[in-house]
Amino acid sequence: MKSSEQEQAFLDEVYRKARLLEYDKREAAKVLRNRKILARQKMVKFTYVIVSTVVLALIIRLGGIEQGLRLCLSLLLIAAGIAVESMELSRSTEIED
């Protein structure tokens, strides 16, 4: 009787470890997927920043924009950056909940 209880306890432990390994495997896959998504999002943001900077530089260079308009455009870009940052923070808190 004692032998079968030990065998059952051993099997239970093996199954527990197998479930734990399977859980770790799923979590590692999630982490990899999330890293890819974050990398893609960073590249998109970086591209937006570069494109908007180049466009503004061309407008300033070719159009001779006055200093007041430059200030307004700069403030607009800063406000857009803050808005994007706040949206990301609110989205990240929603995901954690």
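All values reported here derive from a predicted model rather than from experimental measurement.

A. Main features of the overall build of the protein. In terms of regular secondary structure, the protein is built from two helices and zero strands. Within the span of the protein, comprising 97 residues, buried residues form 3% of the whole. By element, 66% of the accessible surface of the protein is carried by carbon and sulfur atoms, the whole surface being about 8900 Å².

B. Region of interest: the pattern of salt bridges. For the structure shown, the criterion picks out two salt bridges. With a shortest N-O distance of 2.7 Å, arginine 16 and glutamate 13 are connected by a salt bridge. Placement of the pair is arginine 16 and glutamate 13 together in helix H1 (residues 2–63), with a separation of three residues, close to one helical turn. Exposure remark for arginine 16: the relative accessible area of 40% places this residue in the partly exposed category.

C. Structural detail: a nonpolar patch on the surface. Where nonpolar side chains cluster on the molecular surface, the patch consists of Met43, Phe46, Ile50, Val54, Leu58 and Leu62 and spans about 630 Å² of accessible area. Looking at the secondary structure, you find isoleucine 50 in helix H1.

D. Up close: the UniProt feature "transmembrane region" (unreviewed entry) in the protein. This chain's UniProt record puts "transmembrane region" (unreviewed entry) on residues 43–62. With 100% helix and 0% strand, residues 43–62 has end C-alpha atoms that lie 28 Å from one another.

The rules we used
Residues numbered from 1 in each chain as written. Predicted model: local features only at pLDDT ≥ 70, side-chain atom pairs only at ≥ 80, totals over all residues. Heavy atoms only, no water. Helix = DSSP H or I, 4+ residues; strand = E, 2+ residues; numbered from the N terminus. Buried < 20%, exposed > 50% of the residue type's maximum accessible area, 1.4 Å probe, protein only. Areas by Shrake-Rupley, 256 points an atom, 1.4 Å probe, with all protein chains shown as cover. Salt bridge = Lys/Arg side-chain N within 4 Å of Asp/Glu carboxyl O. Patch = residues over 30% accessible without salt bridge, like charges linked within 9 Å, V, L, I, M, F, W, Y side chains within 5 Å. UniProt positions renumbered as here; feature names shortened; annotations may be inferred.

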